[in-house]
Amino acid sequence: MTRVAIVDDHGLFRAGVRSELEGHVELVGEAASVPEAVALVTEVRPDVVLLDVHMPEGGGVAVIHGAAEQAPGTLFLALSASDAAEDVIATIRAGARGYVTKNIATDELVDAIERVQAGDAVFSPRLAGFVLDAFAGPAPKPEDPELDQLTAREREVLRHIARGYLYKEIALRLGISAKTVEAHVSAVLRKLQLSNRHELSRWAAERRLD
Amino acid sequence: MASTPTRAPLRRAPSNWGPGVCAGLGRHLGIDPLIVRIAFVAAATAGGIGVVIYLLAWALIPAETAEGAEPRRWRTGRSTIEVAVGMALIVLSLLLTARALGLLWSDVIVWPTVLVAAGAGLLWRQSFAPTRTEKPEPAAPEEERRERTRVLSRSGFGAALVIAAGVVFLYVTGALTAARDAVLAAVVVAAVLGIIFAPWVTRLVRSLASEREERVRSQARAEMAAHLHDSVLQTLALVQKRADDPRAVAALARTQERELRAWLAGREGGHDRLAAALEGAAGDVERAHGVPVEIVVVGDRELDDRGEALVAAAREAMVNAAKFGNGSTVDVYAEARDGGELQVYVRDRGPGFDPDAVPPDRRGVRESIVGRMARHGGRAAIHSAPGAGTEVELTLPEAS
């Protein structure tokens, strides 16, 4: 079973997620603050960390920065009620492999955890919308066209995610394999993390990432 | 530039080594910049007039930037010092030209005038600076304070330049020796007063500033409290009353969440924009039918009549999805595309149906979606199959 840790400063929320995930994954720890989370991840090395974006002392970004080096095998999945694109994108750029909202259904959350552990990127409809927004229009000064633009196919995949389609449904609709859909999403995640597109670097700068 | 639509806008070209005047002019006129440069050099040898024109062009033609053009050199924050130096250089060159042409009656006024020009450039620049209302969004208090300090120090520097110009003028004309004793006395008195009162004045200024900050903060707090009282506290009271009805509690919580999000994102109230109008419709449907509606909007647009028709059709589609989707989440995706086309997808994961065998009670709803879109020059397509849910696709092309 996937070894999962929950990081969130709200005890009630952690309790809710814990009871939802019990039996589906192996829960190996919880943390309620950034220092606690860094210590936990470094010591326990979970497979997947469910990471709150908003916490005092730097939020999810600070946890990833503090723990990622000591726990190279650990993957982070942002789980947040936050609506602000810059917070979500900042967490992804820090290294999270996906973003889901806190009102996600239990089976979808379990599925998302498994997909992250399998190395895939997990895009919720909202994250897909943020990315389409951030990459809207041509890059004003593409320093690296490979990274600063989305391909037509990637846009199409993101639009389907935003419309609420699952990967396998998207594969069926676009006439490609589910693996190809995953490859497109991973490519988008890579662009999201590495591109210097104005919107992205501005958001990152606001969170003092760069 | 309406008269020359095919020409490149008159902008100084980005350049590593110069202001880009010649390159910009050449691009604007559609000729090689080298010709422009030669013309300028030729004009410069003819009594220096080329130099004057070049400097004027540098000061007045906005530079091209990645974001589009700077509004005007006069109005940009960065170039204040450049403006001052430019003013000084322009005046200096004018004076030198006049001198060369024998129009100058005395060399005495040259340096004072140049100093005055630089100082005036700094001072006047402040009154051309964008006022706070012109800014797209209110600056953070920290930023605002820094900006104010910057303006003050520039104004002080400008005033100092102008005063220095006056002193230089008095000195070189010999008037200063006579006035020296009086000036010395005044300076000494001012210094003494300054030393005595400086701490008091500093304290006063500081306390005024902190008072103002405190007022702004308490206003913000009062506004926040009022909002929370009207929304969150009301909802919590309702939740307590309806605690025996989990569906109602969930619906209340979702509605409140949606409202709070809209408020935090600064787009509550006016539904005159696409995103806000669609979110409003989604909230209404969610409230009326107790089904979660997840909405993602990419891009945004002012709403005209056609846009409102689109929102109304989308609302019908959401109601439909909420009614016939067996309680599954309704996914709404809207995109305002670059070309001006608007697209909305409304999707449920219900039992779906065979579009060729539409039950009569759904025909009316279909009409109000398909018919409405057609009347406003748009399209509606309904994709469904038994067991595969239903998706309504609304497209509104750019107004022709």
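Residues numbered from 1 in each chain as written. Chains lettered and ligands numbered in written order. Predicted model: local features only at pLDDT ≥ 70, side-chain atom pairs only at ≥ 80, totals over all residues.

**What about the overall build of chain A?**
Here's step 1: When you go through chain A residue by residue, the secondary structure sums to 11 helices and six strands.
Here's step 2: Looking at chain A residue by residue over its 210 residues, the buried ones come to 45%.
Here's step 3: Across chain A, every contact between residues at least 6 apart in sequence was considered, and the portion connecting residues at least 24 apart equals 67%. (Helix = DSSP H or I, 4+ residues; strand = E, 2+ residues; numbered from the N terminus. Buried ≥ 20, exposed ≤ 12 C-beta atoms within 10 Å, placed from the backbone. Contact = placed C-beta atoms within 7 Å.)

**A word on the overall build of chain B**
Here's step 1: Helix and strand content of chain B: 11 helices and seven strands.
Here's step 2: Per-residue burial over chain B gives 24% buried out of 400 residues.
Here's step 3: Counting contacts in chain B only where the partners sit at least 6 residues apart, residues at least 24 apart contribute 64% of the total.

**Considering the interface of chain A and chain B**
Here's step 1: With 14 residues of chain A at the interface, the matching set in chain B holds 14 residues.
Here's step 2: With six residues, helix α6 (residues 125-134) of chain A is the single largest residue contributor to the side of chain A that touches chain B.
Here's step 3: In the side of chain A that touches chain B, the residues fall into six nonpolar, three polar and five charged. (Nonpolar A, V, L, I, M, F, W, Y, C, P; charged D, E, K, R; others polar.)

**Description of the sheet that holds strand β6 (residues 122-123) of chain A**
Residue and element names in this part refer to chain A.
Here's step 1: Read across the sheet, six strands follow the order β2-β1-β3-β4-β5-β6 without closing on themselves; strand pairing throughout is parallel. Among the strands making up the open sheet, the edge pair consists of β2 (26-31) and β6.
Here's step 2: The pairing of strand β4 (residues 75-80) with strand β5 (residues 98-101) spans three bridges and is classified as parallel. The residue bridging Leu 79 from the neighbouring strand is Val 100, located in β5.
Here's step 3: Packing of helix α1 (residues 11-21) onto the sheet brings it into contact with β1 (3-7), β2 and β3 (48-51), and relative to β1 it is tilted by some 160°. (Pairing = 2+ DSSP bridges. Axes fitted to C-alpha atoms, helices over the stretch in contact; angles between N-to-C directions.)

**With respect to unusual backbone geometry**
One can expect most non-glycine residues to show negative phi and most peptide bonds to be in trans.
All names here are of chain A.
Here's step 1: Positive phi values are uncommon outside glycine, yet Arg 45 reaches one of about 50°.
Here's step 2: With respect to the element layout, Arg 45 can be found in the loop between α2 (34-44) and β3.
Here's step 3: Even without being glycine, Glu 57 reaches a positive phi, approximately 65°.
Here's step 4: Its place among the elements puts Glu 57 in the loop between β3 and α3 (59-67).

**Topic: α6(A)**
Here's step 1: Here α6(A) lies mainly inside the structure; nine of its 10 residues are buried.
Here's step 2: Those residues of α6(A) that fall on the buried side of the exposure criterion are Pro125(A), Arg126(A), Leu127(A), Ala128(A), Gly129(A), Phe130(A), Val131(A), Leu132(A) and Ala134(A).

**Looking at the pairing of strand β6 (residues 379-384) of chain B**
Residues and elements named next belong to chain B.
Here's step 1: Where β6 meets strand β7 (residues 390-396), six bridges bridge the pair, whose relative direction is antiparallel. Looking at the pairing, Ile 382 lines up with Val 392 of β7.
Here's step 2: Where β6 hands over to β7, the hairpin turn is made up of five residues, of which Gly 387 adopts a positive phi near 85°.

**Examining the pairing of strand β4 (residues 330-336) of chain B**
All names here are of chain B.
Here's step 1: For β4, the tally of buried residues reaches seven of seven residues, placing the bulk of the element in the interior.
Here's step 2: Across the two faces of β4 the burial is the same, with Val 330, Val 332, Ala 334 and Ala 336 and Asp 331, Tyr 333 and Glu 335 all buried.
Here's step 3: Sheet analysis places strand β3 (residues 293-298) next to β4, joined by six bridges and oriented parallel. The residue bridging Glu 294 from the neighbouring strand is Asp 331, located in β4.
Here's step 4: Each parallel crossover has a hand, and for β3 linked through helix α10 (residues 305-324) to β4 it is left-handed. (Right-handed = clockwise from strand over helix to strand, strands pointing away.)

**Here we look at the nonpolar core**
Here's step 1: Core analysis: the largest hydrophobic core is formed by 105 residues, its most contacted members being Leu77(A), Leu278(B), Ala314(B), Met318(B) and Val332(B).
Here's step 2: In terms of residue count, the dominant contributor to this core is α10(B) (10 residues).
Here's step 3: With residues up to four places along the chain from it excluded, the contact list for Leu278(B) reads Ile295(B), Val297(B), Val311(B), Ala314(B), Val332(B) and Ala334(B). (Core = buried A, V, L, I, M, F, W, Y, C linked by C-beta atoms within 7 Å.)

**Digging into the confidence of the model for chain A**
Here's step 1: Considering every residue of chain A, the mean pLDDT works out to 86; 92% of them sit at 70 or more.
Here's step 2: The element-level mean pLDDT for chain A is lowest in helix α11 (residues 198-206) of chain A, coming to 67, with β1(A) highest at 94. (pLDDT = per-residue confidence, 0-100.)

**Let's talk about the packing of α2(A) against α3(A)**
All names here are of chain A.
Here's step 1: The geometry of α2 relative to α3 is characterised by a closest axis approach of 9 Å and an angle of 35° between their N-to-C directions. Along this stretch, α2 crosses α3, giving a crossing that reads as right-handed. Residue-level contacts link Val 34, Ala 37, Val 38, Val 41 and Thr 42 of α2 to Ala 62, Val 63, Gly 66 and Ala 67 of α3. (Left-handed = near helix turned anticlockwise from the far one by under 90°.)

**Notes on the sheet that holds β3(B)**
All names here are of chain B.
Here's step 1: Here we have five strands laid out as an open sheet, ordered β3-β4-β5-β7-β6, and mixed in their pairing. The sheet is open, and its two edges are formed by β3 and β6, each paired on a single side. With strand direction ignored, the average angle separating the axes of adjacent strands in the sheet is 10°.
Here's step 2: Here β4 runs beside strand β5 (residues 342-348); their pairing, made up of six bridges, is antiparallel. In the sheet register, Tyr 333 faces β5, and the bridge partner there is Tyr 345.
Here's step 3: Here helix α9 (residues 274-289) sits on the sheet in contact with β3, β4 and β5, set at roughly 175° to β3.

**Things to note about α3(A)**
Residues lying three or four places apart along an α-helix face the same way, a consequence of the helix completing one turn every 3.6 residues.
All names here are of chain A.
Here's step 1: With seven of nine residues buried, α3 is to be regarded as a mostly interior element.
Here's step 2: Turning to α3, its buried residues are Gly 59, Gly 60, Val 61, Ala 62, Val 63, Ile 64 and Ala 67.
Here's step 3: Its buried side turned inward, α3 meets β1, α2, β3, β4 and α4 (85-94).

**Some details on the environment of Arg173(A)**
All names here are of chain A.
Here's step 1: With respect to the helices and strands, the residue Arg 173 is situated in helix α9 (residues 167-174).
Here's step 2: Through-space distance from the C-alpha of Arg 173 to that of His 160 is 9.2 Å; in sequence the pair is 13 residues apart.
Here's step 3: Residues in contact with Arg 173, not counting those within four places in the same chain, are His 160 and Tyr 165.

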